[in-house]
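Spelled out from the first residue to the last, the chains are:
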Amino acid sequence: MRNLTESARLYEAARKVIAGGVSSDIRRSTTAAPPLYVDHARGSHLWDVDGNEYVDYVLGQGPLLFGHSHPRIVEAVNRQVARGQTYSAQHALEVEVADLVCDLVPCAELVRFNSVGSEAVHAALRLARAATGRGKVLKFEGHYHGWYDPVAFSVHPAPDEAGPADRPRPVPSTPGQPVGAADGLVIAPWNNLPALERILDEHAGEIAAVIMEPLLCNSGCIEPHPEFLRGVRERTRRDGIVLIFDEVITGFRLAPGGGQQWFGVVPDLAVFGKAMAGGFPLSCIAGSAEIMRPIAEGKVAHAGTFNSNPVVMAAAAAALGMISKEGDALYEPLRERGRRLAGGIAERARAAGVDVLTAGPGPIVQVYLTNRPAVDDYREYAAVDRARTLGLHAALLDQGINSVSRGLWFLSTAHDDTDIDRTLAAVERVFADPAWQAGP
Ligand code: PMP
């Protein structure tokens, strides 16, 4: 067991002044222990305020493709911060970053910057509604597009509240939704083209945009069926619906050009965040000159005090510069380490008689505690033993391994074979532990 004395003290102090003691719901402790209080981090490791060391596979929920405090990013940020921290005016770095995004991302001819993913999703949906003159958006069950009202539906709904699997109904993710918020939203099951086609037929002429995570990373890690992705592309093109890829996780993480490059299907509009600025808050929308025209001409409003903040842009120029220079060579070791990690966990589970399923293309890995042979859609994900998945995360934290509590693991270029060996040894210890075997 870890010594968490100082973490517990801070948590108690925090709860007196921060609602719930944390600054984002996802950081609530999922175990009896206090949430992680980080003292500092470097490369693939972080240290808590009690001096415990962890191999970090959370990586800030995905942004740290290069690990913590990569020297190039630190140097770029330090250089810029001495030249001013925010201008709310144009500068050379934003042109450099926009050039890099347009070079790397297949759908990108023009971009606009924001600070976080939720904001950029908001901008993309507004643009799609304006461009089509239609009012509704179709999202898929299990997909997450940030915490703003129009999309805070059907992320992790209880299946018994969510309607038939092939015709789900919108389930609010939170109380406090405005009156009629669900009226602007249509929900469809993912990876089910016939169901999608039928739902689109029923809403003919009403749908402005279809939005999806091209690789579903917020309800397990589920790849799109190639024929599904191609089918969605064809159908949305035929109906004049804006196809939006939410690449907040997949962007610059799966491949230099994100999920659209990895899967070979180009959307009309895409949203990026997380990995694009090496751990600094930056997001953007990117699309063809045609689709971006209403923003370019000032007809659709897009704003933000901190948009293209120069410190953040310095980080992005450094991160995207490395991606642009190294290209796919940067990703192959990430995929390889991810495969080694997933394969090693699966092997140790088999040896210990634990039912585990692993998935994910490598820069992202998912570990499910389930005896299912595959998890292919949200309803199947909802049937996974999520308490046990959470239990594995908690037990691994005690062993110095930090993974996302729902079983997701992010890899960075800073992770090396020693990290993977250490992680697999910890997994083996947990699987052999009678207390863990007894379950939650
Ligand atoms: N889209 C996806 C796919 C995400 O995973 C997230 C955040 N996890 C968001 C949007 C929202 O991004 P942010 O938290 O930066 O607002």
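Rules behind the numbers
Residues numbered from 1 in each chain as written. Predicted model: local features only at pLDDT ≥ 70, side-chain atom pairs only at ≥ 80, totals over all residues. Heavy atoms only, no water. Domains from an automatic or database assignment. Buried area = accessible area lost by both parts, 1.4 Å probe. Salt bridge = Lys/Arg side-chain N within 4 Å of Asp/Glu carboxyl O. Polar contact = N/O pair within 3.5 Å; in protein donor to acceptor, adjacent residues only side chain to side chain. Helix = DSSP H or I, 4+ residues; strand = E, 2+ residues; numbered from the N terminus. Nonpolar A, V, L, I, M, F, W, Y, C, P; charged D, E, K, R; others polar. Buried < 20%, exposed > 50% of the residue type's maximum accessible area, 1.4 Å probe, protein only. Arc of directions from axis to C-beta. Contact = heavy atoms within 4.5 Å. Near = heavy atom within 4 Å. Areas by Shrake-Rupley, 256 points an atom, 1.4 Å probe, with all protein chains shown as cover. Lys, Arg positive; Asp, Glu negative; His and termini not counted.

1. Brief notes about the domain arrangement of the protein chain
- On domain assignment, one finds that the protein chain holds domain 1 (5-69 + 331-437) and domain 2 (71-326).
- The straight-line distance from the C-alpha centre of domain 1 to that of domain 2 is 26 Å.
- When the buried surface of domain 1 facing domain 2 is broken down by residue, Phe-66, Tyr-378 and Arg-379 rank first, second and third, together holding 27% of it.
- Taken together, the connections running from domain 1 to domain 2 amount to 1 salt bridge.
- Its salt-bridge partner being Arg-379, residue Glu-141 comes within 2.8 Å of it at the nearest N-O pair.
- At the boundary of domain 1 with domain 2, the tally comes to 15 residue pairs in polar contact (both at pLDDT 80 or more).
- Every element with two or more residues in the side of domain 1 that touches domain 2 is listed here: helix 10 (328-352), strand 12 (364-369), helix 11 (378-382) and strand 14 (408-410).
- Among the residues making up the side of domain 1 that touches domain 2, the classes are represented as 18 nonpolar, 5 polar and 6 charged.

2. Thoughts on helix 2 (residues 71-81)
- The set of residues buried in helix 2 consists of Ile-73, Ala-76, Val-77 and Gln-80. Seen along its axis, helix 2 keeps its buried residues to an arc of 95°; they face one direction.
- Residues of helix 2 that are buried in the fold lie against helix 3 (92-104) and helix 9 (310-326).

3. Here's the deal with the site of the ligand
- Surveying the vicinity of the ligand reveals the residues Val-116, Gly-117, Ser-118, Tyr-144, His-145, Gly-146, Glu-213, Asn-218, Asp-246, Val-248, Ile-249 and Lys-274.
- Here a nitrogen atom of the ligand and a side-chain polar atom of Asp-246 are 2.6 Å apart.
- Side-chain polar atom of Lys-274 to a nitrogen atom of the ligand: 2.9 Å apart, as the coordinates give it.
- Against a free-state accessible area of 390 Å², the protein chains account for coverage of 82% of the ligand.
- Residue composition of the shell around the ligand, by class: 4 nonpolar, 5 polar and 3 charged.

4. Quick word on the side chain of Asp-246
- Checked against the element boundaries, Asp-246 lands in strand 8 (residues 242-247).
- Lys-274 is the oppositely charged side chain nearest to the buried, salt-bridge-free Asp-246, at an N-O distance of 8.8 Å.
- Excluding residues within four positions of it along the chain, Asp-246 makes contact with Val-121, Tyr-144, His-145, Ile-211, Met-212, Glu-213, Pro-214 and Val-271.

5. Notes on the environment of His-302
- Positionally, His-302 belongs in the loop between helix 8 (289-296) and helix 9.
- The exposure class assigned to His-302 is buried, which follows from its relative accessible area of 16%.
- For the pair His-302 and Phe-113, spaced 189 residues apart in the sequence, the C-alpha separation amounts to 9.3 Å.
- Filtering out sequence-adjacent residues up to four positions away, His-302 remains in contact with Arg-112, Phe-113, Asn-114, Ala-123, Ile-295 and Asn-307.
- For His-302, the side chain forms a polar contact with the side chain of Arg-112, separated by 3.0 Å.
- For His-302, the side chain forms a polar contact with the side chain of Asn-114, separated by 2.8 Å.

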